[in-house]
Amino acid sequence: MEISFTKLRVYRECPWKYQLQFVAGWRVPLTPSGSLGLSLHRALECFHRRDNPAEDDLWACYESRWLNAGYADEPARESGRAKGRRILERYLEDERQRRTVIEAVEREFVYPLGRHEVRGMIDRIDRHPDGRLEVIDYKTYGSGDETVPRDDLQLRFYGLGCREALAMEPDLLTMYFVAEGRKVTVPYDPAGEGELRAMIREAADQIEAGKFPPDASFCPRCDFRKRCAFSQARD
Ligand code: SF4
């Protein structure tokens, strides 16, 4: 059983949703914000993979990595493209101030966990001038005003992956809300690793055993609520 953060998240939201999405192959519709987020992630990866990139490189990357899918029509697509440009202009302001060294972008990790395999992709890993290592996850929508709890599962998942698979010791975990140029950073605490490993292993065991009970508490926020046989939120 290979488990990623997305699979873990979906299984924890509702095991039956996991079955529909990853076993039956139901597709989650691509929304404008989801499509724009993919375009921005791809553009930033392209930009930072270049040697000493100039600002113009970011615009070239944005054009070459742009995704057309997910928009209702051409005006909606152009509106999304313009919004993305504004976000990247904002990003470049941060880049001019950056004092960290980027050690990795879109860095994949894979490590064994019992008989399972854990896989993930970290958006960016930075080294600070004082030597501290920062694991960064880009958020292209949502607000940095949200408080990120210290036990944020996604950041902890990446922090553990960094230690287990990349032999790098993270000091800081950051959600980077690129539209606002706002970062929410928490220190990495290895004390929770045992609990996190147990959570991942248990979910992988349950998935492997084909245990997919519906959890109606997630129905109001579920992408499949209009089609799912167990849905309690069809409106
Ligand atoms: S509609 Fe409800 S029961 Fe069905 S997959 Fe979604 S969350 Fe699970």
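You'll find the structure just up there.
All figures in this text were calculated on a predicted structure; none of them were measured in a lab.

What follows is about the environment of serine 39. Here serine 39 shows up in helix α3 (residues 32–49). Classification of serine 39 as buried rests on a relative accessible area of 0%. Sequence spacing of serine 39 and glutamate 63 is 24 residues, and the spatial spacing of their C-alpha atoms is 9.0 Å. What serine 39 contacts, discounting residues up to four positions off in sequence, is Tyr62, Arg65, Trp66 and Leu67.

Peptide bonds are mostly trans, and most non-glycine residues show a negative phi. Positive phi outside glycine occurs at asparagine 52, with the angle close to 40°. Structurally, asparagine 52 can be placed in the loop between α3 and α4 (55–65). A positive phi angle, near 55°, is found at alanine 167, a position not held by glycine. Within the secondary structure layout, alanine 167 lies in the loop between α6 (153–166) and β5 (172–177).

Let's shift gears to the side chain of aspartate 126. Mapped onto the elements of the fold, aspartate 126 is located in strand β3 (residues 116–127). A distance of 2.7 Å separates polar atoms of two side chains, one belonging to aspartate 126 and the other to threonine 100. With sequence-adjacent residues up to four places away left out, aspartate 126 is seen in contact with Arg98, Thr100, Val101, Ile102, Glu103, Arg132, Leu133, Glu134 and Ile136.

What follows deals with the layout of surface pockets. Volume-wise, the largest pocket comes out at about 1700 Å³. Contributing to the lining of the largest pocket are 42 residues, with Thr6, Arg9, Lys139, Tyr141 and Gln154 lying nearest its centre. Split into classes, the residues belonging to the lining of the largest pocket amount to 15 nonpolar, twelve polar and 15 charged.

With that out of the way, let us pick up the pairing of strand β4 (residues 133–139). Within β4, seven of the seven residues are buried, which leaves it mostly tucked inside the rest of the structure. Going residue by residue along β4, you find Leu133, Val135, Asp137 and Lys139 tucked away on one face and Glu134, Ile136 and Tyr138 tucked away on the opposite face as well. The antiparallel hairpin formed by β3 and β4 contains five residues in its connecting segment, where glycine 131 sits at a positive phi of about 100°. Bridge count for β4 against β5 is six bridges, and the pairing is parallel. Its bridge partner lying in β5, isoleucine 136 is registered against threonine 174.

Between α4 and helix α5 (residues 74–97), the least distance of the axes is 11 Å, while the angle of their chain directions is 150°. Overall, the two elements α4 and α5 adopt an arrangement that is roughly antiparallel. The interaxial crossing formed by α4 with α5 has right-handed handedness. Touching Glu55, Leu58, Trp59, Tyr62 and Glu63 of α4 are Gly80, Arg81, Gly84, Arg85, Leu88, Glu89, Tyr91, Leu92 and Arg96, all from α5. For the contact of α4 with α5, the residue count by class is six nonpolar, two polar and six charged.

A few words now on the packing of helix α1 (residues 5–13) against helix α2 (residues 15–23). Where α1 meets α2, the axes come as close as 5 Å, and the angle between the chain directions of the two elements is 130°. As judged from the angle between their axes, α1 and α2 are oblique. Contacts between α1 and α2 involve Thr6, Lys7, Val10, Tyr11 and Glu13 from the first element and Pro15, Lys17, Tyr18, Gln21 and Phe22 from the second. In the contact of α1 with α2, the residues fall into five nonpolar, two polar and three charged.

Right, let's talk about helix α7 (residues 193–208) for a bit. The end-to-end C-alpha distance of α7 is 22 Å, a good match for the 22 Å that 16 residues give at a rise of 1.5 Å each. The complete set of buried residues in α7 reads Glu193, Leu196, Met199, Ile200, Ala203, Ala204 and Ile207. Buried residues of α7 fall within an arc of 130° about the axis and therefore sit on the same side. For α7, the exposed residues set more than 90 degrees away from the buried face come down to Glu195 and Glu202. Those residues of α7 that are buried lie in contact with β1 (2–3), α1, α2, β2 (101–113), β3 and α6. Two residues or fewer past α7, glycine 210 is found with a positive phi of approximately 75°.

The rules behind each value
Residues numbered from 1 in each chain as written. Predicted model: local features only at pLDDT ≥ 70, side-chain atom pairs only at ≥ 80, totals over all residues. Heavy atoms only, no water. Helix = DSSP H or I, 4+ residues; strand = E, 2+ residues; numbered from the N terminus. Buried < 20%, exposed > 50% of the residue type's maximum accessible area, 1.4 Å probe, protein only. Contact = heavy atoms within 4.5 Å. Polar contact = N/O pair within 3.5 Å; in protein donor to acceptor, adjacent residues only side chain to side chain. 1 Å grid on protein atoms, 1.4 Å probe; cavity = no way out; pocket = protein on both sides within 12 Å on 5 of 7 lines; lining within 4 Å. Points joined across faces, edges and corners; volume = space filled by probe spheres on them. Nonpolar A, V, L, I, M, F, W, Y, C, P; charged D, E, K, R; others polar. Pairing = 2+ DSSP bridges. Axes fitted to C-alpha atoms, helices over the stretch in contact; angles between N-to-C directions. Parallel < 35°, antiparallel > 145°, perpendicular 65-115°, else oblique. Left-handed = near helix turned anticlockwise from the far one by under 90°. Expected span 1.5 Å × (residues − 1). Arc of directions from axis to C-beta.

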